[in-house]
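# Tertiary structure, described
Residues per chain are reported as follows:
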Amino acid sequence: MKIQTPPGMRDFYPAEMRLQNWLFRHWREVSRAFGCEEYEGPIFEYLDLYTLKSGPGIVSELFNFEDRGERRFAIRPEMTPTLARMVAARANTLPRPIKWFSTPRMCRAEKPQRGRLREFFQWNVDILGVDDVLADAEVIAVAIEFVRRIGLSERDVVMRVSSRPIAASVLAGMGITSDEEANRAFGLIDRYDKLGRDEFRRQWQEFAPAVDCDRLLAHLEQTDLQHGFSLAEAAGPAGEAAAKQFEELWQRLRQFQVDSYCAFDLKVVRGLAYYTGPVFELSARQGGLRALLGGGRYDNLTQLLDGPRVSGVGFGMGDAPVLELLTELGKLPALSAGLDVFVIDAGSELFPKAVEITSQLRRAGFACDFSYKRQAIGKQFAQAEKRGARLAIVVGAELAESGQLTVKDMRTAQQQAVAAAELLADPLSTLGAMR
Ligand code: HAM
């Protein structure tokens, strides 16, 4: 019986795994560069953790199950509720600010499509305990530093930034005042890009026929930052405060030197229910790809979990959408298997010596291998090439004659004779420079 990979799940053969490791290395290095520490949580949580804020509607988007004790769990679809739970549990002892990152595997019961899977990894960076947009700007800067490092420019991606309070003020100015109505409006605005103008207009008419959709669209389609500020300021005291906060955010983005990647966009309101302040999404500029990253400020999550109030801001970035975009732009890195040295014997009688040398190099920290087959030197070189080795060491007859080995740089094809005793006494300094 042939059994396939379940829909929306992936197998990672070594070639794909190399790419995953490359991505994770950048996620980790960038997080650390910004002073963030790594954390992890469990792969499944009590279902209540997710329904608490989002309501029972979320259950259909989750993989959930019951254990034999009839407790209901769900495989984590995101990390933020786990993070809030962990922080709430130790809120009084954790040193502030809390600057944490994680790269969890998660599952969502989605209809699989390009860049959206049922199982994926998501890089999360969050700063908690800071009631200042400095933290919002910094998490955006973390994300931009990552995209810069993987070779994506302002022409490839844009960080669309908005603010829930500004959007709420604008809606309030148009007569949408209750939280419930505003949340429904956010849900619709969140799908604007997917629905398109006409369908959005149709659904808006159904939802709020008394609110002039053209006026709303005129605001939503404005990307001028100043327009955003004046819109909010015109919307009463709450709007004024939101506009001031937003202006400060933009100043910080300039100081972090990431503002060239950022654009004001009132259409970004984010689907998740817990956001309370600035919100943002990183989107590919071309080709109908959905967001590469989404995040924002959430100031009440820990209280919801019976903890003290600890404000937070952060984002999640999926591995699949990023790799999808890099593939599309032809910007995937060429990654070798990462072998440092391939040891070649010039005759089967020299193979035991080759194994010894391999062992010594491995002990010295080199990724080192040899051929399992006793075969001609040319074939062994072909294997070294195929395995992506940086260097090849040939163990030949001259080892017995003059104590020398031949080291070949596989990239330049240059060869040089090296004294075996010297090389084995200090492989790092002899080979390190060549690696
Ligand atoms: P989210 O918008 O649900 O936010 O997801 C954030 C990102 O995760 C998306 O932009 C996308 O890159 C990736 N993602 C989501 N679903 C999938 C999927 N099915 N397959 C592949 N990638 C996916 C959150 O999850 C928030 N918890 C983020 C956050 C952290 N907010 C504050 N801190």
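Now for a description of the structure that goes with this document. (Residues numbered from 1 in each chain as written. Predicted model: local features only at pLDDT ≥ 70, side-chain atom pairs only at ≥ 80, totals over all residues. Heavy atoms only, no water.)

### Some thoughts on the pairing of strand β7 (residues 119-128)
- Burial analysis of β7 places 10 of its 10 residues in the buried class, the great majority of the element.
- Here β7 shows a buried face lined by E119, F121, W123, V125 and I127 and a second buried face lined by F120, Q122, N124, D126 and L128.
- With 5 bridges joining them, strand β5 (residues 98-102) and β7 adopt antiparallel strand pairing. Within β7, the residue paired with S102 across the bridge is N124.
- Bridge count for strand β6 (residues 105-107) against β7 is 3 bridges, and the pairing is antiparallel. Bridge pairing links C107 to E119 in β7.
- In this structure, β7 lies alongside strand β12 (residues 312-318), joined through 7 bridges in antiparallel fashion. Note on β12: the bridge partner recorded for Q122 is G318. (Buried < 20%, exposed > 50% of the residue type's maximum accessible area, 1.4 Å probe, protein only. Helix = DSSP H or I, 4+ residues; strand = E, 2+ residues; numbered from the N terminus. Pairing = 2+ DSSP bridges.)

### A word on the nonpolar core
- Counting 79 residues, the largest nonpolar core has W123, F146, M159, F200, W204, F315 and M317 as its most contacted members.
- No other element matches helix α4 (residues 133-149), which puts 11 residues into this core.
- Counting 20 residues, the second largest nonpolar core, distinct from the first, contains V341, C368, F370 and V418. (Core = buried A, V, L, I, M, F, W, Y, C linked by side-chain atoms within 4.5 Å.)

### A look at helix α12 (residues 319-328)
- Most of α12 sits out of view: 7 of its 10 residues are buried.
- Those residues of α12 hidden inside the fold are in contact with α1 (14-33), β7, α4, β8 (157-163), β10 (278-284) and β12.
- Positive backbone phi, at 65°, marks G330, one or two positions downstream of α12. (Contact = heavy atoms within 4.5 Å.)

### Notes on the environment of A137
- You can see A137 is positioned in helix α4.
- Classification of A137 by relative accessible area gives buried; the value is 0%.
- It is 5.9 Å that separates the C-alpha atoms of A137 and R252, two residues lying 115 residues apart in sequence.
- Dropping the residues within four chain positions of it, A137 is found in contact with L249, R252, L253 and F256.

### Notes on unusual backbone geometry
- R96 connects to P97 through a cis peptide bond whose omega is -10°.
- In this fold, P97 is placed in the loop between α3 (80-89) and β5.
- Within the chain, Q257 stands out as a residue other than glycine whose phi angle is a positive 60°.
- Considering the arrangement of structural elements, one finds Q257 in the loop between α10 (236-255) and β9 (262-264).
- The phi torsion at D306 lies on the positive side, around 65°, for a residue other than glycine.
- By the element assignment, D306 lies in the loop between α11 (301-304) and β12.

### Thoughts on the sheet that holds strand β2 (residues 44-46)
- A sheet is described by the order of its strands in space; here 3 strands give the open sequence β2-β4-β3, paired in antiparallel fashion. Looking at which strands have only one partner, the edges of the open sheet turn out to be β2 and β3 (64-66). Going from strand to strand, the sheet's axes swing by 35° on average, the running direction of each strand aside.
- When β3 meets strand β4 (residues 72-75), the two strands line up antiparallel, connected through 3 bridges. The residue bridging N64 from the neighbouring strand is A74, located in β4. (Axes fitted to C-alpha atoms, helices over the stretch in contact; angles between N-to-C directions.)

### With respect to the site of the ligand
- Around the ligand, a shell composed of 27 residues is seen, among which E78, T80, L117, Y275 and L292 lie nearest.
- Side-chain polar atom of D126 to a nitrogen atom of the ligand: 2.8 Å apart, as the coordinates give it.
- In the complex, 96% of the free accessible area of the ligand, which totals 660 Å², lies under the protein chains.
- When residues of the shell around the ligand are traced back to their parent elements, those giving at least two are β7, β11 (293-298) and β12.
- The leading source of residues in the shell around the ligand is β12, at 5 residues.
- Of the residues assigned to the shell around the ligand, the class counts are 12 nonpolar, 9 polar and 6 charged. (Near = heavy atom within 4 Å. Polar contact = N/O pair within 3.5 Å; in protein donor to acceptor, adjacent residues only side chain to side chain. Areas by Shrake-Rupley, 256 points an atom, 1.4 Å probe, with all protein chains shown as cover. Nonpolar A, V, L, I, M, F, W, Y, C, P; charged D, E, K, R; others polar.)

### Quick notes on the packing of aromatic side chains
- For the structure on display, the rule yields 21 aromatic pairs.
- Geometrically, the ring pair formed by F65 and F73 is tilted, given 5.8 Å between the ring centres and 40° between the ring planes.
- Judged by relative accessible area, which is 32%, F65 ranks as partly exposed.
- An aromatic cluster of three or more residues is present, and its members are F12, F24, W27, F121, W123, F146 and F315.
- One cation-aromatic arrangement involves R374 over F351; the distance from NZ or CZ to the ring centre is 3.5 Å. (Phe/Tyr/Trp six-rings, centres within 6.5 Å; stacked < 30°, edge-to-face > 60°. Lys NZ or Arg CZ within 6 Å of the ring centre and 35° of its normal.)

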